[in-house]
Amino acid sequence: MLTLLRIAEIVGGILIGDKDTVITDLGSLKSAKASSLSFYNDSRQSQLLSECQAGVMLLRQQDSELFSGNKILVGDPYLAYARLSQEFKDVSFHYSGIHDTALISPTAMVDDGVWVNAYSIISGNSRIEKGVKIGANVRIGANSIIGMNTIIEDNVVIYPGSSIGVGCCISSGAVIGASGFGYAPSPHGWEKIEQVGSVQIGNNVDIGANTTIDRGTLDNTVIGDGVKLDNQIQIAHNVQIGENTIMAGCVAVAGSAKIGKRCRFGGRASVLGHLEIVDDVTVYANGFVANSIRQRGEYASMIPVQKISAWRKTVANINRLNRLAKKIKSFGET
Amino acid sequence: MLTLLRIAEIVGGILIGDKDTVITDLGSLKSAKASSLSFYNDSRQSQLLSECQAGVMLLRQQDSELFSGNKILVGDPYLAYARLSQEFKDVSFHYSGIHDTALISPTAMVDDGVWVNAYSIISGNSRIEKGVKIGANVRIGANSIIGMNTIIEDNVVIYPGSSIGVGCCISSGAVIGASGFGYAPSPHGWEKIEQVGSVQIGNNVDIGANTTIDRGTLDNTVIGDGVKLDNQIQIAHNVQIGENTIMAGCVAVAGSAKIGKRCRFGGRASVLGHLEIVDDVTVYANGFVANSIRQRGEYASMIPVQKISAWRKTVANINRLNRLAKKIKSFGET
Amino acid sequence: MLTLLRIAEIVGGILIGDKDTVITDLGSLKSAKASSLSFYNDSRQSQLLSECQAGVMLLRQQDSELFSGNKILVGDPYLAYARLSQEFKDVSFHYSGIHDTALISPTAMVDDGVWVNAYSIISGNSRIEKGVKIGANVRIGANSIIGMNTIIEDNVVIYPGSSIGVGCCISSGAVIGASGFGYAPSPHGWEKIEQVGSVQIGNNVDIGANTTIDRGTLDNTVIGDGVKLDNQIQIAHNVQIGENTIMAGCVAVAGSAKIGKRCRFGGRASVLGHLEIVDDVTVYANGFVANSIRQRGEYASMIPVQKISAWRKTVANINRLNRLAKKIKSFGET
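From a predicted model like this one, the values you see are computed outputs, not experimental measurements.

**Q** Now, about unusual backbone geometry: what can you tell me, with residues and values included?
**A** Residues and elements named next belong to chain A. Phi is positive for asparagine 125, close to 60 degrees, though the residue is something other than glycine. On the basis of relative accessibility, which here comes to 46%, the residue asparagine 125 falls in the partly exposed class. The backbone of asparagine 286 shows a phi angle near 65 degrees, a positive value even though the residue is not glycine. Structurally, asparagine 286 can be placed in the loop between strand 36 (281-283) and strand 37 (288-289).

Here it is, written out as structure tokens:
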């Protein structure tokens, strides 16, 4: 619950309207009520804007005339909205205090102000810093470090020796530090290579539900500060991801790949092992990175669906591209 | 354990044979024994049928002569078999009653006849309706509703505020209602947009193991009645899926996509965000939907494997398609 | 902690150097210290080798001159390293003994020397053999068998009736034996086909984090001895995988596919249902197997990313391949 005065302060905007109006929730241009904060940054929605019932609107100075209600003028309405949305976060998600059934090793160092919900286990010599919130049925392995204010939601597993920075959020079902996938062929099958490295996660990293990040073979798997990973992402052993890189759902990165800073990966993009991708690379959804990318820019390799009858012909033609290419060459020679 | 008389009643079929014979299990045409029920609906298997040892066979009237044992004539043997299979479900999967170690908030409303296995947690103000069965190590967040007779298997996480209909089944490891993936770029990295919507799941919905369904940004992520989702599916925030749509394993749907009724998605199909797909669309396995689909029908974009030597040439040709196309054009001009 | 003498014995190699030197850890050519074991099997790293500080080096006889420190000559340095790495495994990962909060059914048969961590549940009539280690928050369903020395890590779910061999390792979040995905269409939606088979896993099988293996419809889903599955793999009902086949992360195998022995699948390869793949087939990363493969060899169908501008033209050309092919044909006819 915030007054317009307080909202304007938080985002550093210019308030036009009643400073004492109270906002209790967030709304889209369609759903906002008198109690809601909303924002406008897409000119295709000007009609919705003019009819919106929001108690206050975040928008740019040049759009000010388009909305007659209370408004706050800001340079980047979407960013301002993002910051304010955090004020409306439902803190009741988390159990406050340490539940009686949480099992905390006597050798674990748990700071004041840590919350741990029921049936979670914090093993020996781990260190849980101030303000950390841990959900239910979580396992924090021995010798791990969880940085200040990090949130670990229900049913997460953190393997021993993992290090997680401050201000991170790990969603349910994520598994951090399971064994990397390494085997040597032998005459009798596959011989396991023990993975004795661990996982090192920076500050302000978000990790989505059921995402897996394996521990390193000898050195660590390293996730840089500010990295955002969506759900069901697979990060193999020894991978390094640079600061502020963001990956949408179901991305997979194979072992020992090294990814730069500020990269963006669309959903289900894949990266083969032992590659290097420089900073500021965008890979579109379903893109398959089979070689190192040494130049910043945007890359893609997805083929959109066609009607099945057309697609069957396309596949047939792809399969005879070699013959087609030869034919074309033969024409050139005549 | 059912008599043939009872089986014929359940499926509304015509019994030819001994009404008192007792069936205790299910079998394929190959594996069925005298105690087994089996079915026949594929003419390529007529040889197997004639040799089958099943105690009773479900088949069409026109196939009646092909089997000499007890039989029940039905219009759709596969559907009749599906219904009967449910009678043979192993109910011992579930713990009956509420286990001593289940933690149920005093403000949760739990109906009679609810089962909850060990170490599960039901948080405040949630409502668990009659006949619900909850496995072990499950977390049901605050303010959630679980409809009548729904089954929630072990290690599932339901985030606060989720609503799940009647007669659903959620398999182990599924995560319902984790935060949608929304960030605004800022000069210092990615600013989180809090996701204050929730997840609303209709009646008779099945959700596979380790599938994730994120909560909405402002409004809800909505899964319609009768939807069937296989394992490891990722449904992003604000997605809407229409009634009776079915998705095979590993499908991914990006944020705010709107999918119609009775659609079918093959394994690992992908749908980009903010698209619309009309009713009765089929997308084949690995199909990549990059644009809205406005016409019912079947769509595909997968390329089957070739031998690596042929494929390397194919990729080379795909990569020089632009030059090939120009060459062809130049021939046309001469 | 091993002496060089003991190390040479384990791998059956020829020790050149001080037999009493003690090794306490593993290192790469770059990171190895005087306390470390390392190995050399890649001639591109000869420079690193000559500068390496390792306490002992595993290498081939012909490379012996390249390293001046303690060394052990072996036929296959990588395989020898793999075997030795297992001696350095961190056994502190596992809780020793049976935790007070572990719930073990009175009808479960648990051998001596089994370890079970907190809040795990072992249901009725299951059999847990000697040396098995079970993590925290694990559910072992009724009537399951877990073979000798198998490791089941935290938050794994094993459904009732599953059978797991000796010497396996199942990583966190894996779900074994959830319902296969089978429905019959009816006028009112999808009718569930109960899956009454189970999952049968051989000896020395590794299963990665958040991998799912569904139980069979009538017969079992079968994973052969020595199979290695990475994280987030989806194995559907009735699949059979032959001995020593290995699959990298995110592979998906649809229902009733039958895969041979010693096959290798790159990350995110897909296999359609009801196919057969013979022994010794390699499918490259992202390869899509749409038909049975009857000949051993290597197969692929992935298209690597291009710059987005080039790719857009490529997609346009793929979409008009049918027209291009016709044009080429028309030239041939003139």
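**Q** Quick rundown of the sheet that holds strand 18 (residues 163-164) of chain A? Include the residues and the values.
**A** All names here are of chain A. Spatially, the nine strands line up as an open sheet ordered 9-12-15-18-23-26-29-32-35, and their pairing is parallel. Each of the sheet's edge strands pairs with one partner strand only, and the pair in question is strand 9 (109-110) and strand 35 (276-277). Pairing analysis gives two bridges linking strand 9 to strand 12 (residues 127-128), with the strands arranged parallel. Bridging from a neighbouring strand, valine 110 pairs with isoleucine 128 of strand 12.

**Q** Got a sec to walk through the pairing of strand 5 (residues 36-39) of chain C? Specific residues and values, please.
**A** Residues and elements named next belong to chain C. Neither face of strand 5 is exposed, since Ser36 and Ser38 on one face and Leu37 and Phe39 on the opposite face are all buried. As defined by bridge partners, strand 4 (residues 25-26) adjoins strand 5 across two bridges and the pair is classed as parallel. Bridging from a neighbouring strand, leucine 26 pairs with leucine 37 of strand 5. Relative to strand 6 (residues 56-59), strand 5 runs parallel, the two sharing three bridges.

**Q** Account for the relation of the copies chain B and chain A, naming residues and giving values.
**A** Superposing chain B onto chain A takes a rotation of 120 degrees plus a shift of 0.0 Å along the axis, which leaves an RMSD of 0.1 Å. Expressed as an axis order, the relation between the two copies is that of a three-fold axis.

**Q** How would you sum up the pattern of salt bridges? Please name residues and give values.
**A** Enumeration according to the criterion identifies 33 salt bridges over all chains in this entry. Between B:Arg44 and B:Asp42 there is a salt bridge, with the nearest N and O atoms lying 3.0 Å from each other. Each of the salt bridges in this network shares a partner with another, and the network as a whole consists of A:Arg262, A:Asp279, A:Asp280 and A:Arg296.

**Q** Tell me about a positive patch on the surface, residues and numbers included.
**A** There is a patch of like positive charges on the surface, built from A:Arg320, A:Arg323, A:Lys327 and C:Lys329. The topology assignment puts A:Arg323 in helix 5 (residues 321-333). Owing to a relative accessible area of 59%, A:Arg323 belongs among the exposed residues under this scheme.

**Q** Mind laying out the sheet that holds strand 6 (residues 56-59) of chain A, listing which residues take part and the relevant values?
**A** Adjacent strands of a sheet form backbone hydrogen bonds with each other and so pair up, either parallel or antiparallel. All names here are of chain A. One open sheet holds the five strands; their spatial order is 2-7-6-5-4, and the pairing between them is mixed. This sheet does not close on itself; its edge strands, each paired only once, are strand 2 (14-16) and strand 4 (25-26). Sheet contacts for helix 1 (residues 4-11): strand 2, strand 5 (36-39), strand 6 and strand 7 (71-73); angle to strand 7, the most-contacted strand, approximately 15 degrees.

Rules of the game
- Residues numbered from 1 in each chain as written.
- Chains lettered and ligands numbered in written order.
- Predicted model: local features only at pLDDT ≥ 70, side-chain atom pairs only at ≥ 80, totals over all residues.
- Heavy atoms only, no water.
- Buried < 20%, exposed > 50% of the residue type's maximum accessible area, 1.4 Å probe, protein only.
- Helix = DSSP H or I, 4+ residues; strand = E, 2+ residues; numbered from the N terminus.
- Pairing = 2+ DSSP bridges.
- Least-squares fit on C-alpha atoms with pLDDT ≥ 70 in both.
- Salt bridge = Lys/Arg side-chain N within 4 Å of Asp/Glu carboxyl O.
- Patch = residues over 30% accessible without salt bridge, like charges linked within 9 Å, V, L, I, M, F, W, Y side chains within 5 Å.
- Areas by Shrake-Rupley, 256 points an atom, 1.4 Å probe, with all protein chains shown as cover.
- Lys, Arg positive; Asp, Glu negative; His and termini not counted.
- Charge placed at Lys NZ, Arg CZ, Asp CG, Glu CD.
- Contact = heavy atoms within 4.5 Å.
- Axes fitted to C-alpha atoms, helices over the stretch in contact; angles between N-to-C directions.

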